[in-house]
Amino acid sequence: MNDGDLDALLSTPLGDVADAGFSKRVALAVAQREGWRERLTTYAPIAATAAVVPFLPGAQIAEAASHLTPLIANSVALSIAAAALILTISFEQRLREWQFAL
Amino acid sequence: MSTDTDFGALVRAHQSKVRGFLRRLTRGDAALADDLAQETFLEAYRKLAQYRGEGSFGSWLCGIAWSRFLMERRKRKEEPLDELPESASPDPAPASAARLDLERAMALLSAEERAALTLCYALGHSHGEAAEILHLPLGTVKSHVLRGREKLKAMLEAES
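Bear in mind the structure is a predicted one, so any value in this text is a computation, not a measurement.

Chemist: Mind laying out the overall build of chain B, listing which residues take part and the relevant values?
Modeler: Broken down by element type, chain B carries seven helices and zero strands. Counted from the first residue to the last, chain B has its helices and strands arranged as α-α-α-α-α-α-α. Relative to its 160 residues, chain B shows a buried fraction of 50%. Within chain B, contacts between residues separated by at least 24 positions form 62% of all contacts whose residues are at least 6 apart in sequence.

If you want it as structure tokens, here you go:
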């Protein structure tokens, strides 16, 4: 075998590997890992908060809350902001589920 | 379009190259190559923000695939990848007897030689690009290519 033949043989592109569901398996694995990451980022702050709560000055917070509650309840701007936040989060979740279902 | 759907398109576009490269590295072990390819794409997804656009995306993926292969080789101390039984052919559709002979001879080379030859010849990368993908000095890659090529030539000539 001469050098030219060997070079030609070596330069032959690798054959196409049929997808055969590989891309879907990767997408599924990505979605699963993202799910774990999302759960971790959701529940870790909740767990951290729960761990801190017993050490907070409850009486002082309750007193402050009693002053603030009427103000918050009567705030239209705050209600709109809360509604917008809830809608954005649920829309994003639905969109992500829909994209992975494709 | 979101990162997820974009990434799905990237997987579809590059899966053949990455899986083909890994099949060459694993000497035709398609199942192991596909596991490593999946890990490659998962790592790529995690590190997507780190891709700076220097070199092609395919080269970047091949670099991750090579790292994954090395990690797997280190993990399998009791059964190194270089001693795995040789499968028939890493190529899903070997075109000719010469191609089959090449794959058999290729399986006898070191992983570094297989990788360097595959990148520089079959995948069309320059020596410099191959050096970046394999995280090796340019001179080392050139000597892997040269030595691997000489070994292949000797083996193929002995067979014929």
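Now that the structure is up, let's keep going.
Chemist: Mind laying out the domain arrangement of chain A, listing which residues take part and the relevant values?
Modeler: Residues and elements named next belong to chain A. We note that the domain assignment places domain 1 (19-56) and domain 2 (57-102) within chain A. Computed over C-alpha atoms, the centres of domain 1 and domain 2 are 21 Å apart. Interface area for domain 1 against domain 2, summed over the two sides, is near 440 Å², with a carbon-plus-sulfur share of 60%. Among the residues domain 1 hides against domain 2, the three largest losses belong to A31, E38 and L56. Together they make up 74% of the total. Where domain 1 touches domain 2, the interface holds zero salt bridges. By residue class, the composition of the side of domain 1 that touches domain 2 is five nonpolar, no polar and one charged.

Chemist: Lay out the packing of aromatic side chains with the relevant residues and their values.
Modeler: Here a ring pair, both rings aromatic, is described through the centre-centre distance and the interplanar angle of the planes. Residues and elements named next belong to chain B. Going through the model one piece at a time under the given rule, you end up with six aromatic pairs over all chains. Between Y51 and W60, the ring centres sit 5.2 Å apart and the planes meet at 40 degrees, which makes this aromatic pair tilted. The exposure class of Y51 is partly exposed, given its relative accessible area of 24%. Ring centres 5.6 Å apart and planes at 25 degrees place the aromatic pair W66 and F69 in the stacked group. Placement of both W66 and F69 in helix α3 (residues 57-75) is noted, with a separation of three residues, approximately one turn of the helix. Taking the relative accessible area as the measure of exposure, F69 reaches 0% and is therefore buried. Each residue in the set Y51, F57 and W60 is aromatic and connected to the rest through ring pairs, giving one cluster.

Chemist: I'd like to hear about the side chain of E113(B), residue by residue, with values.
Modeler: Residues and elements named next belong to chain B. Considering the arrangement of structural elements, one finds E113 in helix α5 (residues 111-122). In this structure E113 comes out as buried when scored by relative accessible area, which is 2%. Excluding residues within four positions of it along the chain, E113 makes contact with H144, R147, G148 and K151.

Chemist: I'd like to hear about the pattern of salt bridges, residue by residue, with values.
Modeler: Applying the stated rule across the entire model yields 18 salt bridges over all chains. Measuring nitrogen to oxygen at the nearest pair gives 2.9 Å for the salt bridge that ties D34(B) to R19(B). Here D34(B) is found in helix α2 (residues 30-46), whereas its partner R19(B) is found in helix α1 (residues 3-25), with 15 residues between them in sequence. Across the pair, exposure class does not vary: D34(B) and R19(B) are buried alike. Residue E150(B) is joined to R149(B) by a salt bridge in which the shortest nitrogen-to-oxygen separation is 3.9 Å. With a relative accessible area of 45%, E150(B) lands in the partly exposed category. Three or more residues are tied together by salt bridges with common partners; here these are D3(A), D7(A), R149(B), E150(B) and K153(B).

Chemist: Before we move on, can you summarise the interface of chain A and chain B with the specific residues and values?
Modeler: Where interface size is given, it is often the accessible area lost as the parts come together that is meant. Contacts between the two partners involve 26 residues from chain A and, on the opposite side, 37 residues from chain B. Carbon and sulfur atoms make up 64% of the area that chain A and chain B hide from each other, which totals about 2900 Å². For chain A, the biggest contributors to the area lost against chain B are L10(A), L14(A) and V17(A); these three give 25% of the whole. Here chain A is connected to chain B by four salt bridges. For D3(A), the salt bridge is made with R149(B), and the minimal N-O distance between the two is 3.7 Å. For the pair chain A and chain B, the interface holds 10 residue pairs in polar contact (both at pLDDT 80 or more). For the side of chain A that touches chain B, the secondary-structure elements that each account for two or more residues are α1 (3-11), α2 (22-52) and α4 (76-101) of chain A. The element best represented in the side of chain A that touches chain B is α2(A), accounting for eight residues.

Criteria and cut-off values
Residues numbered from 1 in each chain as written. Chains lettered and ligands numbered in written order. Predicted model: local features only at pLDDT ≥ 70, side-chain atom pairs only at ≥ 80, totals over all residues. Heavy atoms only, no water. Helix = DSSP H or I, 4+ residues; strand = E, 2+ residues; numbered from the N terminus. Buried < 20%, exposed > 50% of the residue type's maximum accessible area, 1.4 Å probe, protein only. Contact = heavy atoms within 4.5 Å. Domains from an automatic or database assignment. Buried area = accessible area lost by both parts, 1.4 Å probe. Salt bridge = Lys/Arg side-chain N within 4 Å of Asp/Glu carboxyl O. Nonpolar A, V, L, I, M, F, W, Y, C, P; charged D, E, K, R; others polar. Phe/Tyr/Trp six-rings, centres within 6.5 Å; stacked < 30°, edge-to-face > 60°. Polar contact = N/O pair within 3.5 Å; in protein donor to acceptor, adjacent residues only side chain to side chain.

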